[in-house]
Amino acid sequence: MMDRNADAPWSHFDPEVYVDLNYRTPLEVDLLIVRLMRDYFSGCFGAGVPGVPGAVRGVDVGAGANLYPGLSMLPWCEKIILLEYAQPNVEYLERQTAPAGYDGAWDAFWNELSEVPAYAAVEPRARFSEIVRVERANLLDLDGQRRWDIGTMFFVADSMSECPDEFLRGVRCFMDVLTEGAPFAAAFMKESVGYQVGEHRYPAYRVNEDRVRESLEPFTSELELHDLHHMVRPGHEGIILALGRRNSEIAAP
Ligand SMILES: C[S@@+](CC[C@H](N)C(=O)[O-])C[C@H]1O[C@@H](n2cnc3c(N)ncnc32)[C@H](O)[C@@H]1O
């Protein structure tokens, strides 16, 4: 029996344990991903006007306990929504967006971002609590009614179910929250067999570069894949980072 998304213990997801496992001590691969995203988004938006964002709205889907995708969109957006399904993660994100400012654990990621001028011009803590909001949502229910101009999805479509149909649906639902031409970044654990967070085990669908490419290509006008051979724990074979832009195709229902 394959574990479907609805079968996993999302209501028991422990964000503090997850941050300890993955982000509290910044890993080289995450810092590399942050630099690649920073440079890709900077290219998409041009040099930008530091401190004066346009009317761009951003979304991070399945944000969980990771702020760096949201931080990478910060200079370009007037508003960013973090969509997340697991209630403990929603509460974690609400604390991170409170006026007191996000945890110091995220400073290492901002440091990488702030090496380019458009990011350096932003005061990240104040801006993050000002423009970022959290909403509880199920990725698989997103049907293209609401769309955003830039989006990220990190370790979600591949890390929420063992079923191939739910992986493909997750990717399609993410693509369908993006407006035509929207830049996006999506990351996938390569060949993941699932993952442990504290007492609980969560499912994954095993992807490689070809599967990621096939899933994204129908929806993209520009697509670059980075096959990163870094291991962050046993039970996977690296990370695939996809950077691209949404095309104008409207997916079949
Ligand atoms: C491996 S974690 C990745 C979290 C974070 N984006 C990161 O980069 O570390 C998978 C995330 O997907 C979320 N998730 C699982 N099923 C979901 C669904 N149906 N809709 C939205 N989010 C979901 C989980 O709660 C969790 O936050």
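Just so it is clear, the model here is predicted, and its values are computed rather than measured.

K.L.:
Can you lay out the packing of helix H1 (residues 15-22) against helix H4 (residues 87-96) for me, pointing to particular residues and giving the numbers?
P.N.:
For the pair H1 and H4, interaxial distance at closest approach is 9 Å and the crossing angle is 75°. Here H1 lies roughly perpendicular to H4, going by the angle between them. Contacts between H1 and H4 pair Pro 15, Glu 16 and Val 19 from the former with Pro 88, Asn 89, Tyr 92 and Arg 95 from the latter. When its residues are assigned to classes, the contact of H1 with H4 shows four nonpolar, one polar and two charged.

K.L.:
Give me unusual backbone geometry: which residues, what numbers.
P.N.:
Excluding glycine, residues mostly carry a negative phi; peptide bonds, for their part, are mostly trans. Here the phi dihedral of Phe 155 falls at roughly 55°; this positive angle occurs in a residue that is not glycine. By the secondary structure assignment, Phe 155 is in the loop between strand E4 (150-154) and helix H8 (164-175). For Phe 155, a relative accessible area of 11% corresponds to the buried category. One non-glycine residue, Glu 191, adopts positive backbone phi at about 55°. For Glu 191, the position within the fold is in the loop between strand E5 (183-189) and strand E6 (195-197). The buried category is assigned to Glu 191, whose relative accessible area is 17%.

K.L.:
Provide a residue-level description of helix H9 (residues 209-216), including the pertinent values.
P.N.:
Residues of H9 that are buried: Val 212, Ser 215 and Leu 216. For H9, the arc enclosing every buried residue in end-on projection is 90°, short of the 170-degree limit, so these residues lie on one face. In this structure, H9 carries Asp 210 and Glu 214 as exposed residues pointing more than 90 degrees from its buried face. Where H9 is buried, its residues contact H8, E5, strand E8 (220-228) and strand E9 (239-246).

K.L.:
Kindly report on helix H2 (residues 28-45), identifying the contributing residues and their values.
P.N.:
Since there are 3.6 residues in each turn of an α-helix, residues three or four apart along the chain are aligned in direction. A rise of 1.5 Å per residue sets the reference length of H2, with its 18 residues, at 26 Å; its end C-alpha atoms lie 26 Å apart and thus fit the reference within 8%. Along H2, the residues classified as buried are Val 29, Asp 30, Leu 31, Ile 33, Val 34, Met 37, Arg 38, Tyr 40, Phe 41, Ser 42 and Cys 44. Looking one or two residues past H2, Gly 46 carries a phi angle of roughly 70°, positive in sign.

K.L.:
Would you mind going over the pattern of salt bridges in detail, with residue names and values included?
P.N.:
If charged atoms from side chains of opposite charge come close, those side chains can pair. For the structure on display, the rule yields 16 salt bridges. Its salt-bridge partner being Arg 24, residue Asp 20 comes within 2.7 Å of it at the nearest N-O pair. On the basis of relative accessible area, Asp 20 is assigned to the partly exposed category, the value being 46%. We note a salt bridge from Arg 213 to Glu 209, for which the minimum N-O separation is 3.0 Å. Note that Arg 213 and Glu 209 are positioned in helix H9 at a spacing of four residues, about one turn of the helix. When salt bridges that share partners are traced, they join Glu 16, Asp 20, Arg 24 and Arg 95 into one network.

K.L.:
Tell me about the site of the ligand, and please be specific about residues and values.
P.N.:
The local shell around the ligand holds 21 residues, among which Tyr 18, Tyr 23, Glu 84, Asn 138 and Leu 139 are the closest. A distance of 2.7 Å separates a nitrogen atom of the ligand from a polar atom in the side chain of Asn 138. Within the complex, the protein chains bury 99% of what would otherwise be the 590 Å² of accessible surface of the ligand.

Procedures and definitions
- Residues numbered from 1 in each chain as written.
- Predicted model: local features only at pLDDT ≥ 70, side-chain atom pairs only at ≥ 80, totals over all residues.
- Heavy atoms only, no water.
- Axes fitted to C-alpha atoms, helices over the stretch in contact; angles between N-to-C directions.
- Helix = DSSP H or I, 4+ residues; strand = E, 2+ residues; numbered from the N terminus.
- Parallel < 35°, antiparallel > 145°, perpendicular 65-115°, else oblique.
- Contact = heavy atoms within 4.5 Å.
- Nonpolar A, V, L, I, M, F, W, Y, C, P; charged D, E, K, R; others polar.
- Buried < 20%, exposed > 50% of the residue type's maximum accessible area, 1.4 Å probe, protein only.
- Arc of directions from axis to C-beta.
- Expected span 1.5 Å × (residues − 1).
- Salt bridge = Lys/Arg side-chain N within 4 Å of Asp/Glu carboxyl O.
- Near = heavy atom within 4 Å.
- Polar contact = N/O pair within 3.5 Å; in protein donor to acceptor, adjacent residues only side chain to side chain.
- Areas by Shrake-Rupley, 256 points an atom, 1.4 Å probe, with all protein chains shown as cover.

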